[in-house]
Each structure stands twice: as C-alpha cells, then as structure tokens.
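Structural description and commentary
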Amino acid sequence: MSTPSTAPTAQQRLTTVCATMAAAIPMMTLVLWFVLGVHGLGHLPASWPLLVVLAAAVGAYSFCELAGFRTPPLQHSSSSAAEIEAESWRRFTASTFTRFAVCEAVFLISVSLAFVAQSFWVVLLGAVIALPLFFWEAWPGERNQRRFAAALESAGIPSYLTGPPQDLIQED
C-alpha cells in the first residue's frame, strides 16, 4: 500500500526556487576567488569601486522598499477562492523574481567592478551585501507575504496569500 503524495504548495515551490537562486551568489563568489584571488584576498582597492557597490545596494534597497511590493489590488469577480489564491501567488512570484533581480544586480555590479579594480575585495563586498539584502527583500517569508498581501487586499478582496481570512477560519 502506497502513501498518497502531497504536491508541494506554491510557497514551498517558491521557497525552493529562491534558495536555489540565492545559492548562486556564494558559489559565484567562490569561483571568482580562484580568478581574482590569486594572492589570497589581494590588495584593498581604491575606495570608488566599494562606494559604487554601496550606492547600488542603497538603490536596490530603496527600489524594493518603495516599489517592490506595489501591485494593483484584486478586483471583484466571480472567481473561486482557489483561483484568487492562484492569481495572488502568480503576482507574488513575479514580484519576488523582480526584487531578486534587483538585489542580485548589486552582486553583478560588484563582479564587473572587481575586474576593473582587479581586486577580490569588491566581489566579497558585493556578496556580503547582496545576500542579506536578498533575504530581507525577496525571500518569500511571512514579512514579504504580508506586505504583498496588504497591497493585493487594498480593495477589500481577500488574497488568501497568507491563508484564509480570519473570519473564514472555523473553530472545532
């Protein structure tokens, strides 16, 4: 007798994809160490590449905070709760990928600047900033789900992104 398999939820699938995408940053950093870190970490470069990476991080953080969680609210329709939930997850996934791309751009800028400055320190700074930025702004955790659900539900339609609305939960 086999046990029935349960399909992963939208949140589990998105979390798996995000974990895989996040793993690329440390892996690329390691690979770039073999390219740029010929003599250990090398010399600390002039301040301008480091400042450009910091400015990119500030820009990415600002974009994610100000525009990354904006979306048109859900509209009244005859859709079922499952269809509304699926639409909410589609929008949240698209927003998550956009925010991830913006956060990863900080790392990619640091990679480019590292070759210009010929210093592994720039890549290291980019990774150290981009990874926490990604986990704060793009990880599909409770904080980001609630922020996005608030935008979806601003017209009064429940999004089911964080579960069923409180008034629909039945007590046993």
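Residues numbered from 1 in each chain as written. Predicted model: local features only at pLDDT ≥ 70, side-chain atom pairs only at ≥ 80, totals over all residues. Heavy atoms only, no water.

1. Points about the overall build of the protein chain
Looking only at helices and strands, one finds five helices and zero strands in the protein chain. Scanning the protein chain from its N terminus toward the C terminus, one meets helices and strands in the order α-α-α-α-α. Relative to the globule expectation of 16 Å for 172 residues, the C-alpha radius of gyration of the protein chain, 20 Å, shows a markedly less compact shape. With the C-alpha coordinates aligned to their principal axes, the bounding extent of the protein chain is approximately 65 × 50 × 25 Å. Taking all 172 residues of the protein chain together, the buried fraction comes to 36%. Within the protein chain, counting contacts between residues at least 6 apart in sequence, those at least 24 apart form 78% of the total. For the protein chain, the accessible surface area stands at approximately 10100 Å², while carbon and sulfur atoms represent 65% of it. Averaging the coordinates of the 8 positive side-chain charges in the protein chain and doing the same for the 11 negative ones gives two points 8 Å apart. (Helix = DSSP H or I, 4+ residues; strand = E, 2+ residues; numbered from the N terminus. Rg over C-alpha atoms; globule rule 2.2 N^0.38 Å. Buried < 20%, exposed > 50% of the residue type's maximum accessible area, 1.4 Å probe, protein only. Contact = heavy atoms within 4.5 Å. Areas by Shrake-Rupley, 256 points an atom, 1.4 Å probe, with all protein chains shown as cover. Lys, Arg positive; Asp, Glu negative; His and termini not counted. Charge placed at Lys NZ, Arg CZ, Asp CG, Glu CD.)

2. Some thoughts on the packing of helix 1 (residues 10-36) against helix 3 (residues 81-117)
Between helix 1 and helix 3, whose axes approach to 11 Å, the crossing angle comes to 5 degrees. Considering their axes alone, helix 1 and helix 3 lie roughly parallel with respect to each other. Of the residues belonging to the contact of helix 1 with helix 3, the class tally is 20 nonpolar, four polar and no charged. (Axes fitted to C-alpha atoms, helices over the stretch in contact; angles between N-to-C directions. Parallel < 35°, antiparallel > 145°, perpendicular 65-115°, else oblique. Nonpolar A, V, L, I, M, F, W, Y, C, P; charged D, E, K, R; others polar.)

3. A closer look at the packing of helix 1 against helix 4 (residues 120-137)
Look at helix 1 against helix 4: their axes get within 10 Å of each other, and the N-to-C directions meet at 170 degrees. By the angle between their axes, helix 1 is roughly antiparallel relative to helix 4. Of the residues in helix 4, those in contact with Cys18, Ala22, Ile25, Pro26, Thr29, Leu32, Trp33 and Leu36 of helix 1 are Phe120, Val123, Leu124, Ala127, Ala130, Leu131, Phe134 and Phe135. Tallied by class, residues from the contact of helix 1 with helix 4 come to 15 nonpolar, one polar and no charged.

4. A closer look at the environment of His43
The residue His43 is located in the loop between helix 1 and helix 2 (47-66) in this model. Sequence-wise, His43 and Ala117 are 74 residues apart; in three dimensions their C-alpha atoms are separated by 9.8 Å. Ignoring sequence-local partners within four residues, the contact set of His43 consists of Ala117, Gln118, Ser119 and Trp121.

5. Re the side chain of Ser95
Turning to its location among the elements, Ser95 is positioned in helix 3. For Ser95, a relative accessible area of 10% corresponds to the buried category. Polar side-chain contacts of Ser95 include one of 2.8 Å to the backbone oxygen of Gly68. Setting aside its immediate chain neighbours within four residues, Ser95 contacts Gly68 and Phe148. (Polar contact = N/O pair within 3.5 Å; in protein donor to acceptor, adjacent residues only side chain to side chain.)

6. Description of helix 1
Owing to its 3.6 residues per turn, the α-helix brings residues three or four apart onto one side. Compared with an ideal rise of 1.5 Å per residue, which puts 27 residues at 39 Å, helix 1 spans 39 Å between its outermost C-alpha atoms and is within 8% of the ideal. Within helix 1, the full set of buried residues consists of Leu14, Cys18, Ala22, Ile25, Thr29, Leu32 and Leu36. Next to the buried residues of helix 1 lie helix 3 and helix 4. (Expected span 1.5 Å × (residues − 1).)

7. Quick notes on the pattern of salt bridges
One pass over the structure, following the stated rule, counts five salt bridges. The shortest N-O distance in the salt bridge between Arg90 and Glu87 comes to 3.1 Å. Separated by three residues within a single helix, Arg90 and Glu87 lie in helix 3, roughly one turn from each other. The partly exposed category is assigned to Glu87, whose relative accessible area is 28%. As a salt-bridge pair, Glu87 and Arg91 come within 3.2 Å of each other at their nearest N and O atoms. Remark: Arg91 and Glu87 occur in helix 3; sequence separation between them is four residues, near one turn of the helix. The class for Arg91 is partly exposed, based on a relative accessible area of 22%. Each of Glu65, Arg143 and Arg147 takes part in a single network of salt bridges with overlapping partners. (Salt bridge = Lys/Arg side-chain N within 4 Å of Asp/Glu carboxyl O.)

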